[in-house]
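Examining the three-dimensional arrangement
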Amino acid sequence: MELFRYKKPIPLMAKAKIFFAVSIIAVLASWALIAFKGFNYGIDFAGGTLVQVKYEGKVPLQKVREAVKASKTFEGASVNYFGSEDEIVIKVRTSSKKLGTDIGDEARKLLEGTGTFEIRRVDMVGPKVGSELREKGLMALVLAIAGILLYVSFRFEWRFAVASVMALVHDISIAMGALVLFNVEVNLDILAALLTILGYSLNDTIIVFDRIREGLTTVRSSKLADVIDESVTRTLSRTTLTSLTTFFVVLTLFAMGGEIIHGFSFTLLVGIVVGTYSSIFIASPLLMMMGFDVEKYRQKLAEKKKREQEKEKLRAMYEQGTV
């Protein structure tokens, strides 16, 4: 199946400066949002207590808020709907320090008289544990990017590795900027989504790079822009189809998956769009920016092939006993 039938190369590299300008603005805006507004950390990273309550019928929200406001244990807590009007979450930025205190029992006692309900979930994370989780999450992202850099350097060439990592930083920056802009709560699910974006975006980039590497030996032109245009045009249909398929699956999760995976699916939606864009319009032009030389690359390949042929010839002579 082909979405676009290949007729001739699309001159994408002629518009590389426009794509770069758009990306630089988006990345800088994302960094500014992160620096000045900051993340809305969930209890996984900031510490605190979360109580999820399911009511029979619509939640008397005002009544619940008044009950919570009067409690010292739940001082400063926020009460919000959770996916539907018959379910709420109560979030407190602190966790109980009293040993033997059951927050679920306290919440049950507190909400008496507000209707028929059941406590579905109680999560508690201490501030120290939250801080450790935040540091380890950041470390996981850095290690994943470093591992990708090493792997792509080994499989391709160092400029391919640097270009792919820069494209990944671009994707993650914009995805995190979107989280801050829409005030999405950052928790372990979001960290898992960001790591998924790294893998997804890299997969797309590697497919494009693999086709460029193939094009370096098959396209007659010695201009890198011509090789990239030819290679990207040939993968455009496949990349678009794969991305659209994944996008619609995640969109379904976002629309119908419920509140509990809302942040996760939102992050993936942003990551799929940005990752597909960067694989086509950012990663490849970065190779041109870093001065990748087609003639030198072809010369290296020719020398490597010559060395291999000489080795084969020597091996054959040795086996025939003519050395």
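Going by the structure above, here's the rest.
The notes below deal with the structure included here. (Residues numbered from 1 in each chain as written. Predicted model: local features only at pLDDT ≥ 70, side-chain atom pairs only at ≥ 80, totals over all residues. Heavy atoms only, no water.)

**Re helix H4 (residues 103-110)**
Among the residues of H4, those classed as buried are Ile103, Gly104 and Ala107. The buried residues of H4 occupy an angular sector of 100 degrees when the element is viewed end-on, so they sit on one face. In this structure, the buried side of H4 is in contact with strand E2 (48-55) and strand E5 (117-125). (Buried < 20%, exposed > 50% of the residue type's maximum accessible area, 1.4 Å probe, protein only. Helix = DSSP H or I, 4+ residues; strand = E, 2+ residues; numbered from the N terminus. Arc of directions from axis to C-beta. Contact = heavy atoms within 4.5 Å.)

**Side note on the sheet that holds E5**
Spatially, the four strands line up as an open sheet ordered E3-E4-E2-E5, and their pairing is antiparallel. The sheet is open, and its two edges are formed by strand E3 (78-82) and E5, each paired on a single side. Strand-to-strand twist of the sheet, defined as the mean angle between neighbouring strand axes without regard to direction, takes the value 20 degrees. Here E3 pairs with strand E4 (residues 84-92) via five bridges, running antiparallel. (Pairing = 2+ DSSP bridges. Axes fitted to C-alpha atoms, helices over the stretch in contact; angles between N-to-C directions.)

**So, the packing of aromatic side chains**
Describing an aromatic ring pair means giving the distance of the ring centres and the angle of the ring planes. Following the criterion strictly, the structure yields eight aromatic pairs and no others. Look at Tyr55 and Phe117: their rings are 5.4 Å apart centre to centre, the planes differ by 40 degrees, and that puts the pair in the tilted class. With Tyr55 in strand E2 and Phe117 in strand E5, this residue pair connects regions lying 62 residues apart in the sequence. Summarising the aromatic geometry, the rings of Phe160 and Phe209 are spaced 5.0 Å apart at their centres and angled 85 degrees between planes, so their arrangement reads as edge-to-face. On the criterion of sequence distance, the pair formed by Phe160 in helix H6 (residues 158-181) and Phe209 in helix H7 (residues 188-218) is long-range, its members being 49 residues apart. (Phe/Tyr/Trp six-rings, centres within 6.5 Å; stacked < 30°, edge-to-face > 60°.)

**Side note on the layout of surface pockets**
One number sums up the size of the largest pocket: a volume of about 770 Å³. At the level of secondary structure, the elements contributing two or more residues to the lining of the largest pocket comprise strand E1 (40-41), helix H2 (43-46), E3, E4, E5, H7 and helix H9 (262-281). Within the lining of the largest pocket, the residues separate by chemical class into 16 nonpolar, nine polar and eight charged. (1 Å grid on protein atoms, 1.4 Å probe; cavity = no way out; pocket = protein on both sides within 12 Å on 5 of 7 lines; lining within 4 Å. Points joined across faces, edges and corners; volume = space filled by probe spheres on them. Nonpolar A, V, L, I, M, F, W, Y, C, P; charged D, E, K, R; others polar.)

**Focus: the packing of H6 against H7**
The interhelical angle for the contact between H6 and H7, taken along N-to-C directions, is 145 degrees, at an axis separation of 9 Å. Note that H6 runs across H7; the crossing there is right-handed. The segment H6 lies against H7, with Phe160, Ala163, Ser164, Leu168, Asp171, Ile172, Ala175, Met176 and Leu179 engaging Ile190, Leu194, Ile197, Leu198, Ser201, Leu202, Thr205, Phe209, Ile212 and Leu216. (Left-handed = near helix turned anticlockwise from the far one by under 90°.)

**So, the packing of H6 against H9**
If you want to describe how two helices pack, look at the angle between their axes and the distance between the axes. At a minimum axis distance of 9 Å, the contact between H6 and H9 shows a crossing angle of 145 degrees. The way H6 lies across H9 gives a crossing that is right-handed. Note on element contacts: H9 touches H6 through Phe266, Thr267, Val270, Val274, Gly275, Tyr277 and Ser278, opposite Ala167, His170, Asp171, Ile174, Ala175, Ala178 and Leu179. Residue classes in the contact of H6 with H9 are distributed as nine nonpolar, four polar and one charged.

**Thoughts on the nonpolar core**
Ranked by internal contacts, the top residues of the largest apolar core, which has 58 residues, are Phe160, Leu194, Phe209, Ile212 and Leu216. Mapped by element, the contributors of at least two residues to this core are helix H1 (16-36), helix H5 (127-155), H6, H7, helix H8 (224-256), H9, helix H10 (283-289) and helix H11 (294-320). Setting aside residues up to four positions removed in sequence, Leu194 forms contacts with Leu141, Ile172, Ala175, Met176 and Thr267. By size, the runner-up hydrophobic cluster in this structure holds 17 residues, among which are Val53, Val64, Val79 and Ile119. (Core = buried A, V, L, I, M, F, W, Y, C linked by side-chain atoms within 4.5 Å.)

**Some thoughts on the pattern of salt bridges**
Following the criterion strictly, the structure yields nine salt bridges and no others. Here Glu87 and Arg120 are joined by a salt bridge, their closest N and O atoms 3.6 Å apart. On the criterion of sequence distance, the pair formed by Glu87 in strand E4 and Arg120 in strand E5 is long-range, its members being 33 residues apart. One salt-bridge network, in which partners are shared between bridges, spans Glu87, Glu118 and Arg120. (Salt bridge = Lys/Arg side-chain N within 4 Å of Asp/Glu carboxyl O.)

**Description of the side chain of Asp229**
Position of Asp229 among the secondary structure elements: in helix H8. Despite its burial, Asp229 remains without a salt bridge, the nearest opposite charge being carried by Lys15 at 9.2 Å. Side-chain polar atoms of Asp229 contact the backbone nitrogen of Leu12, separated by 3.1 Å. Residues in contact with Asp229, not counting those within four places in the same chain, are Pro9, Ile10, Pro11, Leu12 and Met13. (Lys, Arg positive; Asp, Glu negative; His and termini not counted. Polar contact = N/O pair within 3.5 Å; in protein donor to acceptor, adjacent residues only side chain to side chain.)

**A word on the environment of Thr252**
Within the fold, Thr252 resides in helix H8. Judged by its relative accessible area of 44%, Thr252 is partly exposed. Along the backbone, Thr252 and Ser265 are 13 residues apart, and their C-alpha atoms lie at a distance of 9.0 Å.

**Quick word on unusual backbone geometry**
Backbone geometry follows two general trends: most residues other than glycine have a negative phi, and most peptide bonds adopt the trans configuration. Not every positive phi belongs to a glycine, and Asn183 is a case in point at roughly 55 degrees. Here Asn183 shows up in the loop between H6 and strand E6 (185-186). Judged by its relative accessible area of 48%, Asn183 is partly exposed.

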